[in-house]
Amino acid sequence: MTDYLTQIKELATGEREQIEVKQADFYAFRRAWLEFPQRKSIVGEAQRGGDVIYHFEKGTEQ
């Protein structure tokens, strides 16, 4: 299983530019996203087929 919490933390620190989440993995990603204190800064862009690409927006209000 993918460690989405680690990937989300890497987004926040700038180690990673984006996370690509397949439609089938959305709920696993969501569980990790809910644990992340700055979750409102994680922004997703839907793709065709149900996949989503997430990135971290600096300066987003909590």
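Structure's up top.
Note that the coordinates shown come from a computational prediction; the quantities given were computed from them, not determined experimentally.

Peer 1: Which parts of the structure should I look at to understand the pattern of salt bridges?
Peer 2: Any two side chains of opposite charge can pair if their charged atoms end up close together. In this structure the tally under the stated criterion is 2 salt bridges. When the shortest N-O distance is used, the salt bridge between E10 and R16 registers 3.0 Å. Residue classification places R16 among the partly exposed positions, given a relative accessible area of 29%. The partner of K22 in a salt bridge is D51, with the nearest N and O atoms 3.5 Å apart. Of this pair, K22 sits in the loop between strand 1 (19–21) and helix 2 (26–35) while D51 sits in the loop between strand 2 (42–46) and strand 3 (52–56), and the two are 29 residues apart along the sequence.

Peer 1: What's the story with the pairing of strand 2 in this structure? I'm lost.
Peer 2: Each regular strand carries side chains that alternate between the two faces of the sheet. Inspection of the sheet shows strand 2 paired to strand 3 by 5 bridges, in the antiparallel sense. Each bridged residue has a counterpart across the sheet, and for E45 the counterpart in strand 3 is I53. Joining the antiparallel neighbours strand 2 and strand 3 is a turn of 5 residues, in which G49 adopts a positive phi near 90 degrees.

Criteria and thresholds
- Residues numbered from 1 in each chain as written.
- Predicted model: local features only at pLDDT ≥ 70, side-chain atom pairs only at ≥ 80, totals over all residues.
- Heavy atoms only, no water.
- Salt bridge = Lys/Arg side-chain N within 4 Å of Asp/Glu carboxyl O.
- Buried < 20%, exposed > 50% of the residue type's maximum accessible area, 1.4 Å probe, protein only.
- Helix = DSSP H or I, 4+ residues; strand = E, 2+ residues; numbered from the N terminus.
- Pairing = 2+ DSSP bridges.

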